Amino acid sequence: MSDSSDTTEPTSLALPIRPLVLVVDDDDGLRETLRDVLDDAGFATVGARNGLEALNVLDALTTTPSFILLDLTMPVMDGWAFCDSRGKNRVLREIPVIAISAADMSEANRPAGVDAFLAKPIDVEKFAGLAARVAGRRSFGGRRIKQPH
């Protein structure tokens, strides 16, 4: 016999689904800082240390990321090689890429398929606006992320 005083139905208190971002950088400290900033802004994140690891993560994901934040200079597989591999995959090439690098480079010198570029150290306000536009979300606050030494 069930207790008739408990007539409540299960209620879904699930939070709205947060857009997913793949953060790819070989610098553990910077990668985690970028993930924290994105998390604070309402994004879900997953990290990878290089392009090859990023391809493996993308293959395992059940949700397509809103965008990929990609360092260009990494060991194992750099950003250029990642972009080349990504360009050969119809599904992956649809995911926007924001490239980051300590070297400021002109659009002509960036890998094919990069949608936007940010130079390190990353200006969080600029990054925020760009991330919000790419993911279709509103902006978040302004600090500067310095590359850990």
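This one's a predicted model, so the numbers in the text were calculated from it and none came from an experiment. (Residues numbered from 1 in each chain as written. Predicted model: local features only at pLDDT ≥ 70, side-chain atom pairs only at ≥ 80, totals over all residues. Heavy atoms only, no water.)

Chemist: Help me out: how do you make sense of the environment of Leu 55 in this one?
Modeler: Checked against the element boundaries, Leu 55 lands in helix α2 (residues 51–60). On the accessibility criterion, Leu 55 (18% relative accessible area) is buried. Taking C-alpha positions, Leu 55 is 9.1 Å from Leu 92, a pair spaced 37 residues apart along the chain. (Helix = DSSP H or I, 4+ residues; strand = E, 2+ residues; numbered from the N terminus. Buried < 20%, exposed > 50% of the residue type's maximum accessible area, 1.4 Å probe, protein only.)

Chemist: Got a minute to help me understand the sheet that holds strand β1 (residues 20–24) in this structure?
Modeler: Two orientations exist for strands paired in a sheet by backbone hydrogen bonds: parallel and antiparallel. The 5 strands lie next to each other as β2-β1-β3-β4-β5, forming an open sheet whose pairing is parallel. Where the open sheet ends on each side, the last strands, each with one partner, are β2 (44–48) and β5 (116–119). Direction aside, the axes of adjacent strands within the sheet are offset by 20 degrees on average. With 4 bridges joining them, strand β3 (residues 67–71) and strand β4 (residues 97–101) adopt parallel strand pairing. Directly across from Leu 69, in β4, lies its bridge partner Ile 98. Its contacts with the sheet put helix α1 (residues 28–40) on β1, β2, β3 and β4, and the angle it makes with β2 is roughly 170 degrees. (Pairing = 2+ DSSP bridges. Axes fitted to C-alpha atoms, helices over the stretch in contact; angles between N-to-C directions. Contact = heavy atoms within 4.5 Å.)

Chemist: Looking at this model, I keep getting lost on the pattern of salt bridges. Mind explaining?
Modeler: Summed over all chains, the structure comprises 8 salt bridges. With its nearest N and O atoms 3.4 Å apart, the salt bridge here joins Asp 71 to Lys 120. A residue pair is termed long-range when its members are at least 10 positions apart, and Asp 71 in strand β3 and Lys 120 in the loop between β5 and β6 (122–123) qualify at 49 residues. For the pair Asp 71 and Lys 120, a shared accessibility class is recorded, and that class is buried. In this structure, a network of salt bridges that share partners links the residues Asp 28, Arg 31, Glu 32 and Arg 35. (Salt bridge = Lys/Arg side-chain N within 4 Å of Asp/Glu carboxyl O.)

Chemist: Where do I start with the nonpolar core in this structure?
Modeler: Nonpolar side chains in soluble globular proteins tend to be buried together. Leu 22, Val 24, Leu 58, Ile 68, Leu 70 and Phe 82 are the most contacted members of the largest nonpolar core, which has 23 residues in total. Listed by contribution, the elements that provide at least two residues to this core are β1, β2, α2, β3, α3 (79–87) and β4. Here the element with the most residues in this core is α2; it accounts for 4 residues. Contact partners of Phe 82, with chain neighbours within four places excluded, come to Gly 51, Ala 54, Leu 55, Leu 58, Ile 68, Leu 70 and Met 77. Listed in part, the 19 residues of the second largest apolar core include Val 23, Leu 34, Val 124 and Leu 130. (Core = buried A, V, L, I, M, F, W, Y, C linked by side-chain atoms within 4.5 Å.)

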